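# Examination of the molecular architecture
Spelled out, the chains give:
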Amino acid sequence: MKYLRLIPILLLGAMLTACNTNEKLYYAKEYDKVIQRLAPEICKGNKNPKRINLVAASYNNANRFDYERIQGLKASGQPDVWPEIYQRYCSMKGRSEALDCFPSSVKNEILRNRIHYVPLNFDDDMMVARNKAESFLVAKINQLLATGTKDDGMEANKYFAQLMKTNRDNPNIPRYLMRTSLCFGDAVFLGYGNSSDYRLSPEFKATVLAFDEGELPTYNVFHTEWDRSLFYMYTVAAVVKEVNISPVKLDEVTFKETNGSKTVEVTDYSQNKSVKVSGNIICFCSSCSICSDEPMFSVPFEVTSTFKNDYTTIKGDREACSAETLSRLDSHPVPVPTDESMLLDAAKKLNDLIAAELRK
């Protein structure tokens, strides 16, 4: 029985401890933590006046502080302030959303003493702030990555993290993820894979991985042959997924030209063939918190090798030809390149594309 009597005492002690904790957070100016702790309870119907007043004071104080900070940052006129401005707008919006589920009477109580210059609807301001923050972050990352040094690459990673918080859909994200991630590895393995139905030759692979000295970023050592004595934190691989080789096409157009009583039949020919290789440049991290079987990022690629040759033949009196036709009569049909030669040309382009992607 004596244990049963202890239960209300323990519950009361727990409640007093919780109240003290919330008040301590409030006086420590941890306003958002107060809201995070108490808002769910109020949403469930707990209308304890003391807790509602604590949320109200936290909500208004936090918004007032953020709004005043935003105004001060804007007044500085510096471009680097916009990421912080946007994040503070996000905080203000998050607080408002945390109170959305409150009963109307509670909301009115919280907003009754609202500082008059704290806006409740600032979606337009948020959009402007996000656009300016994004522009600044992209420019800053590009500036740091352009130096090609490891220190600047690691510094760019800090701004990349801010860009991810600002807009995860920014089209530069895959490229920045690759460049900033590679800064954390001293040795990088460059690989190649073929998941297409077309059997590509060893020469194709060798051409894809034949990088010239100085072609790749200088802050990493890139290897195209696996060295068991080294630890590769990252693997960058070009994976071919599709190979399309068009049949040889010979288009022709025949027409007549006249010059007085003289006539000639002119035929224009066009030889055409193309090879298109597409796939993805992917990066795997072998020592990251994410699963190493899944790529950190994937950038699609498409390289094309094209052959086109135009020539003209005539039947009839040459003197009937126009000046334009005469200028084409020195052209002749030529042997169409083999599939392999055009694939090797595409491999060279893929090699250049990988180097350019790594240096962007």
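Analysis parameters
- Residues numbered from 1 in each chain as written.
- Predicted model: local features only at pLDDT ≥ 70, side-chain atom pairs only at ≥ 80, totals over all residues.
- Heavy atoms only, no water.
- Pairing = 2+ DSSP bridges.
- Helix = DSSP H or I, 4+ residues; strand = E, 2+ residues; numbered from the N terminus.
- Core = buried A, V, L, I, M, F, W, Y, C linked by side-chain atoms within 4.5 Å.
- Buried < 20%, exposed > 50% of the residue type's maximum accessible area, 1.4 Å probe, protein only.
- Polar contact = N/O pair within 3.5 Å; in protein donor to acceptor, adjacent residues only side chain to side chain.
- Contact = heavy atoms within 4.5 Å.
- Expected span 1.5 Å × (residues − 1).
- Phe/Tyr/Trp six-rings, centres within 6.5 Å; stacked < 30°, edge-to-face > 60°.
- Salt bridge = Lys/Arg side-chain N within 4 Å of Asp/Glu carboxyl O.
- pLDDT = per-residue confidence, 0-100.

### Digging into the pairing of strand S3 (residues 234-245)
Taken together, the seven bridges between strand S1 (residues 187-194) and S3 define a ladder with parallel strand orientation. Residue pairing for S3: Asn194 is matched across the bridge by Val240.

### Regarding the nonpolar core
Across soluble globular proteins, nonpolar side chains show a tendency to be buried alongside one another. Counting 49 residues, the largest nonpolar core has Val277 and Leu358 as its most contacted members. Per element, the largest residue contribution to this core is eight residues, and it comes from helix H11 (residues 339-359).

### Some details on the side chain of Thr312
Considering the arrangement of structural elements, one finds Thr312 in strand S6 (residues 297-316). Under the relative-accessibility criterion, Thr312 is labelled buried at 5%. At a separation of 2.7 Å, a polar atom in the side chain of Thr312 contacts the side chain of Asp268. A distance of 3.1 Å separates the side chain of Thr312 from the side chain of Arg328, its partner in a polar contact. Thr312 has contacts with Val266, Thr267, Asp268, Thr325, Arg328, Leu329 and Ser331, leaving out every residue within four places of it along the chain.

### Quick look at helix H6 (residues 123-145)
Compared with an ideal rise of 1.5 Å per residue, which puts 23 residues at 33 Å, H6 spans 32 Å between its outermost C-alpha atoms and is within 8% of the ideal. The complete set of buried residues in H6 reads Met126, Ala129, Ala133, Glu134, Phe136, Leu137, Val138, Ile141, Leu144 and Leu145.

### Overview of the environment of Cys285
By secondary structure assignment, the location of Cys285 is in strand S5 (residues 262-285). C-alpha separation for the pair Cys285 and Val188, spaced 97 residues apart in sequence, amounts to 9.9 Å.

### Describing the packing of aromatic side chains
Under the criterion given, the structure shown has eight aromatic pairs. Centroid distance Phe136 to Tyr159: 6.2 Å. Interplanar angle 75 degrees. Geometry classified as edge-to-face. One end of the pair, Phe136, is in helix H6; the other, Tyr159, is in helix H7 (residues 150-166), with 23 residues separating them in the sequence. By relative accessible area, Tyr159 is classed as buried at 17%. Each ring, one from Tyr269 and one from Tyr311, has its centre 4.8 Å from the other, and the planes form 15 degrees; the classification is stacked. One end of the pair, Tyr269, is in strand S5; the other, Tyr311, is in strand S6, and 42 residues separate them in sequence. With a relative accessible area of 19%, Tyr269 lands in the buried category. For Tyr311, a relative accessible area of 10% corresponds to the buried category. Aromatic rings pair up to connect Tyr26, Tyr27 and Tyr31 into one cluster.

### A short note on the pairing of strand S4 (residues 249-259)
Judged from the 11 bridges that link them, S4 and S5 form a sheet pairing that is antiparallel. For Thr254, the partnering residue across the bridge sits in S5 and is Thr267.

### Remarks on the pattern of salt bridges
Here the structure, examined in full by the defined rule, presents 15 salt bridges. Here Glu23 makes a salt bridge to Lys50, at a shortest N to O gap of 2.9 Å. You can see Glu23 sitting in helix H1 (residues 2-27) and its partner Lys50 sitting in helix H3 (residues 49-76), a full 27 residues away along the chain. For Arg88, the salt bridge is made with Asp66, and the minimal N-O distance between the two is 2.5 Å. Of this pair, Arg88 sits in helix H4 (residues 82-98) while Asp66 is found in helix H3, placing the two residues 22 residues apart along the sequence. Judged by its relative accessible area of 4%, Asp66 is buried.

### Details of the confidence of the model for the protein chain
Residue-level pLDDT values for the protein chain average 86, and 89% of them are 70 or greater. Here residues 1-17 is modelled with pLDDT under 50, and outside its nearest four sequence neighbours on either side it reaches zero contacts, counting other chains as well. Confidence drops under a pLDDT of 50 for residues 115-119, and excluding neighbours within four residues, the segment shows nine contacts in the predicted structure.

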